[in-house]
Amino acid sequence: MNAVNTVLPRFLKSAYRKEPLISVLITMGVVDALIGGFDDEWSLFAFGLGTAGVTLLLKLWLRQQRRPLPAEEPVVQHYLPSRSSSPTLPMLTIAKKKPPH
């Protein structure tokens, strides 16, 4: 039960952020269907199911319309050049000091 309580709010928030209008219409349809079913108001029940069903069909149709185009190769963005533009530094050598005579 606890897993449902943590997953359901995340799912609902995600759905409302992505498609707020469709989510509101589905919620309205489901609530109308529940109220109509419990109160034996079959017209409200049918209206709620119809609203939720039409909204789901609209959502599927819109998803079909937004099919992504074939993806081109992703552009690789390099933050540093492949080789340095400054000249290379000379190698440091330690000069051996000759002992005094």
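Residues numbered from 1 in each chain as written. Predicted model: local features only at pLDDT ≥ 70, side-chain atom pairs only at ≥ 80, totals over all residues. Heavy atoms only, no water.

A. Looking closely at a nonpolar patch on the surface. Among the surface-exposed residues, Tyr16, Val24 and Met28 lie close enough to one another that they form a single nonpolar patch of about 250 Å² accessible area. Along the polypeptide, Met28 turns up in helix α2 (residues 20-38). Overall, the relative accessible area of 44% leaves Met28 in the partly exposed class. (Patch = residues over 30% accessible without salt bridge, like charges linked within 9 Å, V, L, I, M, F, W, Y side chains within 5 Å. Areas by Shrake-Rupley, 256 points an atom, 1.4 Å probe, with all protein chains shown as cover. Salt bridge = Lys/Arg side-chain N within 4 Å of Asp/Glu carboxyl O. Helix = DSSP H or I, 4+ residues; strand = E, 2+ residues; numbered from the N terminus. Buried < 20%, exposed > 50% of the residue type's maximum accessible area, 1.4 Å probe, protein only.)

B. A look at the packing of α2 against helix α3 (residues 42-65). For the pair α2 and α3, interaxial distance at closest approach is 7 Å and the crossing angle is 155°. As judged from the angle between their axes, α2 and α3 are roughly antiparallel. Seen from above, α2 lies across α3 with left-handed handedness. Counting all contacts with α2, which are made through Ile22, Leu25, Ile26, Gly29, Val30, Asp32, Ala33, Ile35, Gly36 and Gly37, the residues of α3 involved are Leu44, Phe45, Phe47, Gly48, Leu49, Thr51, Ala52, Thr55, Leu56, Lys59 and Leu62. Of the residues in the contact of α2 with α3, the class split is 13 nonpolar, six polar and two charged. (Axes fitted to C-alpha atoms, helices over the stretch in contact; angles between N-to-C directions. Parallel < 35°, antiparallel > 145°, perpendicular 65-115°, else oblique. Left-handed = near helix turned anticlockwise from the far one by under 90°. Contact = heavy atoms within 4.5 Å. Nonpolar A, V, L, I, M, F, W, Y, C, P; charged D, E, K, R; others polar.)

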